Every structure is written in structure tokens, then in C-alpha cells.
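Listed below, chain by chain, are the residues.
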Amino acid sequence: MSGRKKKKITKAERLKQLQEEEERRQKEEEEARVKHEKEEMERLEIQRIEKEKWHQLEAKDLERRREELEELYLLEGCFPEAEKLKRGTRLLAQWRHYIQCDGSPDPSVSPEINTFISLWKEETNETLEEVIAKGKLVLNLIEKLKLILLETPPYDLEDKNVIQYQGSILELQELLHLKFNIATEILLRQASTLADLDSGNMEKVIQDENVTLYVWANLKKNPRYRSVRFSETQIGFEIPRILATSDIALRLLHTHYDHVTPLRPVPASLQEHTATVTDFAKEEVKNEEAAISKELQEEGKQRENESNSVHEEETKFEEQGDSEVQMSVVREESEATKGELEMKLLSETVLSDNEVDLCQFTTLGGVYHLDILELPPQCKAMKGWMIVEILKEGLRKYIYPPETIEDVETENAFPPIEVTLEVQENVIFFEDPMVARWDGEGKHWQTDGISNVSYKSEERLLTFSLETFGPVTLIQDTHINMPFQSWELRPLDVNKVLLTVTTVFTEIQIQIKENLCMLASVKLNKKHSSILEGKWMTPVSFICALKEAGLNIFPSGHSHFYVVINYKDPLVEVKAYRQLALLSSAFAFGWSKWNTVCNSKKVIVKLMEHLTEEPIQKPNWTLLMFSGDRAQRLKINENSETFSEALKEETEFHSTLYHMVEDFASKKAMEKIRSSSCQFIDSVCYMLLSTRLLSYS
């Protein structure tokens, strides 16, 4: 039993053991301290080397900055050159119209358009068919005037000309609608002679590319005939008994254009892009060149003192950094002030109840003019003559419901009228359309007085109940496709690129060549082909056409109030678009998730050389970061887990994107860039500015 007992440790052995443990602990701590000091020294040395390398790269960048900006300035000479060509095109169009002598007026020449309007006012007894035919010319004149207002830069457009053009547009719009009313009255006078043999009532349907007209005259006044349907379609009305027994006519005039919504003030957002970007960026380049020249002169003086050159260079970079921070703060404050002012102005724009905010919503598919008309006296045959009583006041509207209703029982006899309309085929609604009616007194669209709205998307039929008749339109959220999910700009051929914008609902592909744009495809959940596909148009006309078709991917000056955006400094954004356009003939660019992570003073895009027309199966993207005055390749890629602004190994800073890509681009790519057409570069830049992909993706 005693052999099994545990041996007792003596006090001396215990002390020795503790001493050995303490020595081992101290040794481990010393080794850890030495290791930490070594690692810290290595880290500091790496930092010092990186900082020194960084300063060397910055010094090298600063040294060649003036040369790079001068070269960029020469390359960007394509933008003013494109403006000259645009002006020449406008003058040539005027000359061609002058020598054509086809009898149509030049809408920009006041005497010609005024003479045209006066002569047409004097023409009488025009039929609906004649008005529709003449209306094509009128619509063409209105379109020309609108394009002049949008395409002409402000320095070429005087205020008096703007007032003149807008006045001519309004006069033409009002006169065209007046002619439709007069022609409708002439038709209704002959209603009894055009009556249908089966129903005894008159029905007239005219379909045209710009107008669809339905007219129904109640000649029999049959109280049981309360469902009015046109030409065996589902388009029509469900009328109450009081209308079924009255001398009335129903007119549905669907104009595929909108001449009801008030004209927006000029310059519009489209014109702002064309007008200010060139001069704005040009001035920035000049200012930057002056600043760089001053810096270089100071640097030359500093180099005279060789012993202090390194210290002075570091000091200069610190001062430059401080000045950039100060400029950045000033710019941020000005942007903040501008934002506060815009918000104040928007909040002061008080909308009445149910009024449609035309900054938030867009009218689509034209206007449906719904009218209940008093049936005019009918033509009568007498001794070989046709006698008709012509009312002095012309076509009169039937007031429904009456302005004053004395009896409560009578009030129930004026229920809302059910209307069924066909939605225009060439317009895309991504959600069920909303219905709005025109308030003639307030001069705005509003949504009250409309109930029981239902939409059959397959048949494109919209049914709703309307308390009072008048102009009706369909509206959609202007920013339904914003912000964008992604985008890509890819070269196709010489002076030709493909811009792809992906939204929540669709993918839109736009081809750009020379000074023209074309809708290549629209991808939706269901098969849909747009009438715009395959049609080449100038950028301004193209953007207007896309908006009218419901494919609005073009932010306006107030869109940031309605869309959550990835705000970028406007100056940086403009410079980026201009330089991306310069490189677009040989490089593909695309959306990067890191663009939302970096600050507002920087933009990040992915890029790769692309010299073939077909898309590259396994693209090798490079990330570029640009701050307006410095471009660099990033070490990270699109699949990296964390964001870092670290510079890619064996690369350098440059003052422009052009010189950045020049470091790794092939000779063929650079030749392709230098040989690009100025009109092509300008059109690409215009489309990038109009979509604002860097802020709205």
C-alpha cells in the first residue's frame, strides 16, 4: 500500500519548477516581442517603400500631366467639330426646303408659318378625311419646331425665337383640333342620310396612322339601345337611358399624339446636354491646363534647389491634396445648396388633390377626346336642293350631367358612363395603365371622377367609368425603369457600338453609328416587337421616340427626387462620359458593382479591349477608377470580396482614361480609336449623358 503512495514534491522542487515556467514564459514573450518588432519594422518598411513608390508615381503623373491633357484636348476637338457639322446639317436642311418648292412652309420662318395658318383658317367645308390628310403636314410642322427647340444650342437660339416657335406650335395644335370639330359638325349634319339600315343610327369610323375617329349619332332614340359598340369591336360606351333617348352624338377622337398637356419650358433636359457639355468641359480643360502650368513652373523653381527636392515635392503634394480637399468641400457645399434649393422649389410647387405630377408620371398613347355632342339640325331634300340650318355657335357639347339637378331622383338618372378603349399597340406599359382626365379650368391632368378601371392586357382593352366626358389619357410612372440594374457598351464595327441597358422589366439594346441611333431590340417577359426597331434616327429624335413608346431610360433634371440614385460628382461624370466615348470604338465598357461602393468623386467601370463584332465568350474585364483628373487600374476584380483602391501591380497613374488604356492597349486598338468619326464619338457621348448610367445604375 505504501509503494502505491504518490511521491510528495518538495518545496525546493516546486520553486525550481515555477522558476523554469517563468523563464520559459519570459523567453516566449521575448520571442513574441522580437517577432512583433520585426513584423512591424517590415510593415513600416513596406509602407515606406509603397509610399515612396506612390510619390514617385504621383510625381511621374504630374510631370506628364500637361502633355496628356494637351493631347486629350486635341482629341476632344471632335466635340466642337461635331457641333459645326450639326449646324451645317441644320442650314443644309433649310436650304433644301427652300429649293424644294413643294408648297409647305418653313415652320422656323414666321411669315411663312403665319401665312399657312391664315390660309387654312379660311378654308371651309373640309371633310374629316381632308382634315386628317392636312393634319399630317401640320403634325410634321409641329415636330420640326419641337426638334429645332431641342436640337439648337442656346447660343444659336434667341429668346424671341423660342417664344415664336412655341407660339406657332400652340396655334397649329389649336387650329388642328378646331378643324376636327368643324368637320365633325359637317358630318353630323348629314347623319340622317348616312344612317345604318339595321339600327337606324349613324356610325362612322376612320383609322389613320395619327388619328382614330369613332362617331355615333343617336337618330332612333331607342331607350333599349344603350350599348354602343363600333364596327363589331368592343370599343364603345354603355350609356344611361337619358342619353339613349336624347338627340345626341358620341365622338371618340383618339389622337396618337398629345396636344393637350402644356408645353414644357425650354431648354429641356435634352437641350441642356447638347448645349452646355462641350463648353463646360472645354473650360474645365483650359482651367486645369492653367493650373498645371503654374504647378510645373513652381516645380521647375523647386528643382533648382536639389538638396531639398524630395522634401519640397512631398510638401507640394500635401498642399495639392489640401487644395483638392478644399475645392471638394466647396463643390460639395454648392451641390448641397443646389439640392436644397431644388427641393424647396419642388415642395413649393403645390399640387391640388388628385392632380397628376408630370415630373413623376408620363402621358402615353396619345389622348382620347371623349365628347357628348348635341345633334345639329339635319339636312333636308327639297325640290332638288339640300337645305340645312347652320347654327351660329357651331358644334355644341351636351352637358352631362347637368350643372344643376333639382330632383334627387333625377340625380340617379345621370350615372357614370362606362367607356371601353383600345390601348395603342406601339406603346409599352410595364404595369396596368392608370387613367387621368383633363381639367380644363386648372389646365392639368387629374385622377378623380374615374372608377371601376380594368385592363385586359392580351386584348389591350381598358374599361372604366367616367362621371363627365372630356379628354382622357393613360399615364405611367416616368421612372419605372430606373435605376438600371446594369449596362454595357460594346463595339460592333467601325464607328458603330451597341449600348445595352438592363432594367427590372426589360433589356434595351441601342445601336449607335455616326450621328444616328437605332433600337436594336427590346426584351420583355412576353414577346413584343416595337415599331421603332430597325429605324435609324438622330439622337434627339430617337430619345423622344423611345419616351413616347414607354421606353424611358433617360433621367431628367428632377429624376433624382423620385429615384434612389448612386450620386456622382457632375464634373467627374461628364469627363468620364466624354472619355468613354473617345475609347468606345475599340473597348467594351460595363457596369461594376464597385461603382456604388466608391465615393461620389470617383467612378469605376469595367473595361476590356474588343476588336471583333461578336461578343467575347469569356471576357477578361479590367477595373478602372477615374476621379476626373486621375485614372488608375485597380488590383481587385469584379469577384473580389472586399473593396480596395489599391493600384494594380506594374501599372501607373494617368491624368486621362485615354492614356491609361494606352499603356496596355494593342496598336490596332489605338489606331481604331484615333480614326473614329467625330460625329460617332459625339453621338455616343450624347447617349451616355442622356442615360447617366454611372449615377442611375
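Being a predicted model, the structure only gives us computed values, none of them experimental.

A.B. asks: Sorry, what's going on with the overall build of the protein here?
C.D. replies: Helix and strand counts for the protein stand at 14 helices and 23 strands. When the 697 residues of the protein are sorted by exposure, 45% land in the buried category. Taking contacts inside the protein between residues at least 6 apart in sequence as the whole, the part at least 24 apart equals 69%. For the protein, the exposed surface amounts to about 38,100 Å²; the carbon and sulfur share of it is 51%.

A.B. asks: Please clarify how a nonpolar patch on the surface should be interpreted in this entry.
C.D. replies: Residues L92, W95, Y98 and I99 make up a contiguous nonpolar surface patch of roughly 470 Å² in combined accessible area. Counting through the fold element by element, W95 comes out in helix α2 (residues 78-100).

A.B. asks: Even after reading the chapter, I still don't get the packing of aromatic side chains, so can you show me in this structure?
C.D. replies: Describing an aromatic ring pair means giving the distance of the ring centres and the angle of the ring planes. For the structure on display, the rule yields eleven aromatic pairs. A network of ring pairs unites the aromatic residues Y214, F230, F237 and F469 as a single cluster. The lysine or arginine in question, R630, covers the ring of F653, its NZ or CZ lying 4.4 Å from the ring centre. Cation over ring: R633 sits above F664, and NZ or CZ is 4.2 Å from the ring centre.

A.B. asks: Sorry if this is basic, but what is going on with the sheet that holds strand β17 (residues 507-513) here?
C.D. replies: Pairing within the open sheet is antiparallel, and its nine strands lie in the order β19-β18-β17-β16-β15-β20-β21-β22-β23. The sheet is open, and its two edges are formed by β19 (536-537) and β23 (631-633), each paired on a single side. Sheet topology places strand β20 (residues 587-590) next to strand β21 (residues 603-609); four bridges connect them, and they run antiparallel. Residue pairing in the sheet places G590 in a bridge with K606 of β21.

A.B. asks: How should I be thinking about the nonpolar core in this particular structure?
C.D. replies: The biggest cluster of nonpolar side chains holds 72 residues, and the ones touching the most others in it are I510, F587 and F589. When residues of this core are assigned to their parent elements, the largest contribution, nine residues, is made by helix α14 (residues 678-691). Discounting residues that sit within four places of it in the chain, F587 has contacts with L489, P491, L607, M608, E609, H610, V661, F664, A665, A669 and I673. With 36 residues, the next largest nonpolar core counts V138, L145, Y165 and L176 among its residues.

A.B. asks: Which parts of the structure should I look at to understand the confidence of the model for the protein?
C.D. replies: The predicted coordinates of low-pLDDT regions are not to be read in fine detail. With 84% of its residues at a pLDDT of 70 or more, the protein shows a mean pLDDT of 83. A low-confidence stretch, residues 267-282 stays under pLDDT 50, and its non-local contacts, those more than four residues away or across chains, total 39 contacts. Within the model, the stretch residues 291-333 combines pLDDT values under 50 with 32 contacts to residues more than four positions away or in other chains.

A.B. asks: Honestly, unusual backbone geometry in this entry has me stumped. Any pointers?
C.D. replies: Glycine aside, the phi torsion of most residues is negative, and most peptide linkages are trans. Residue P401 is bonded to the preceding Y400 through a cis peptide linkage, with omega at -10°. By the secondary structure assignment, P401 is in the loop between β8 (385-387) and α9 (408-411). In this chain, M482 is followed by P483 through a cis amide linkage whose omega measures -5°. Structurally, P483 is set in the loop between β14 (471-477) and β15 (486-493). A positive phi angle, near 60°, is found at K443, a position not held by glycine. Not every positive phi belongs to a glycine, and N452 is a case in point at roughly 50°. Within the secondary structure, N452 is located in strand β12 (residues 450-456). Among the residues examined, N452 registers a relative accessible area of 62% and is labelled exposed.

A.B. asks: I would appreciate a short explanation of the sheet that holds β14 in the present structure.
C.D. replies: Strand pairs in the sheet, formed through backbone hydrogen bonds, run parallel or antiparallel to each other. The antiparallel open sheet is built from seven strands, whose spatial order is β1-β2-β5-β6-β14-β10-β11. Edge strands, defined here as strands with exactly one partner in the open sheet, are β1 (202-207) and β11 (444-446). Averaged over all adjacent pairs, the angle separating strand axes in this sheet is 20°, with direction ignored. Strand direction decides the pairing type here: strand β10 (residues 434-439) and β14, joined by four bridges, are antiparallel. Its bridge partner lying in β14, A436 is registered against T473.

A.B. asks: I would appreciate a short explanation of the packing of helix α10 (residues 539-548) against α14 in the present structure.
C.D. replies: Pairs of packed helices are described in terms of their axes, by the angle between the two and the distance that separates them. Packing of α10 against α14 brings their axes to within 10 Å, and their N-to-C directions diverge by 35°. Like other packed secondary-structure pairs, α10 and α14 cross with a definite hand, here right-handed. Listed contacts from α14 to P539, V540, F542 and I543 of α10 are S683, Y686, M687 and S690. Classifying every residue of the contact of α10 with α14 gives six nonpolar, two polar and no charged.

A.B. asks: What's the story with the environment of A588 in this structure? I'm lost.
C.D. replies: With respect to the helices, strands and loops of the structure, A588 is situated in strand β20. A C-alpha to C-alpha distance of 9.0 Å links A588 and W621, two positions 33 residues apart in sequence. Here A588 is in contact with L489, R490, P491, K606, L607, M608, H610 and W621, once residues within four sequence places are set aside.

A.B. asks: Quick question: what am I supposed to make of the pairing of strand β18 (residues 516-523) here?
C.D. replies: Within a regular beta strand, the side chains point alternately toward one face of the sheet and then the other, so they alternate between its two faces. The pairing of β17 with β18 spans seven bridges and is classified as antiparallel. Along β18, the bridge assignment pairs I510 with L519. Two strands pair when backbone bridges link them, and β18 and β19 are joined in this way by two bridges, in the antiparallel orientation. Note that in β19 the partner of M518 across the bridge is W536.

A.B. asks: What should I look at first to understand the environment of R90 in this one?
C.D. replies: Secondary-structure assignment places R90 in helix α2. It is 9.4 Å that separates the C-alpha atoms of R90 and E151, two residues lying 61 residues apart in sequence.

A.B. asks: What's the story with α10 in this structure? I'm lost.
C.D. replies: Given 3.6 residues per turn, any residue in an α-helix points the same way as the ones three and four places further on. Most of α10 sits out of view: eight of its ten residues are buried. Residues of α10 that are buried: P539, V540, S541, F542, I543, C544, A545 and L546.

A.B. asks: I would appreciate a short explanation of the pairing of strand β16 (residues 496-502) in the present structure.
C.D. replies: Across the seven residues that make up β16, a large majority, six, are buried. Linking β15 back to β16 in an antiparallel pair, the connection comprises two residues, with N495 at a positive phi of about 55°. Counted between consecutive antiparallel strands, the loop separating β16 from β17 contains four residues.

A.B. asks: How should I be thinking about helix α3 (residues 110-122) in this particular structure?
C.D. replies: Helix length check: α3 (13 residues) gives 19 Å between terminal C-alpha atoms against 18 Å at 1.5 Å per residue, within 8%. Where α3 is buried, its residues touch α4 (128-151) and α5 (159-189).

A.B. asks: Just checking my understanding: could you explain the pattern of salt bridges for this structure?
C.D. replies: A side chain of one charge can pair with a side chain of the opposite charge if their charged atoms are brought near each other. Under the criterion given, the structure shown has 33 salt bridges. One salt bridge in this structure joins R33 and E30, with 2.4 Å as the shortest N-O distance. Note that R33 and E30 are positioned in helix α1 (residues 11-75) at a spacing of three residues, about one turn of the helix. Overall, R33 belongs to the partly exposed group, its relative accessible area being 39%. E30 sits in the partly exposed class, given a relative accessible area of 38%. As a salt-bridge pair, R64 and E68 come within 3.4 Å of each other at their nearest N and O atoms.

Reading the values: the criteria
- Residues numbered from 1 in each chain as written.
- Predicted model: local features only at pLDDT ≥ 70, side-chain atom pairs only at ≥ 80, totals over all residues.
- Heavy atoms only, no water.
- Helix = DSSP H or I, 4+ residues; strand = E, 2+ residues; numbered from the N terminus.
- Buried < 20%, exposed > 50% of the residue type's maximum accessible area, 1.4 Å probe, protein only.
- Contact = heavy atoms within 4.5 Å.
- Areas by Shrake-Rupley, 256 points an atom, 1.4 Å probe, with all protein chains shown as cover.
- Patch = residues over 30% accessible without salt bridge, like charges linked within 9 Å, V, L, I, M, F, W, Y side chains within 5 Å.
- Salt bridge = Lys/Arg side-chain N within 4 Å of Asp/Glu carboxyl O.
- Phe/Tyr/Trp six-rings, centres within 6.5 Å; stacked < 30°, edge-to-face > 60°.
- Lys NZ or Arg CZ within 6 Å of the ring centre and 35° of its normal.
- Pairing = 2+ DSSP bridges.
- Core = buried A, V, L, I, M, F, W, Y, C linked by side-chain atoms within 4.5 Å.
- pLDDT = per-residue confidence, 0-100.
- Axes fitted to C-alpha atoms, helices over the stretch in contact; angles between N-to-C directions.
- Left-handed = near helix turned anticlockwise from the far one by under 90°.
- Nonpolar A, V, L, I, M, F, W, Y, C, P; charged D, E, K, R; others polar.
- Expected span 1.5 Å × (residues − 1).

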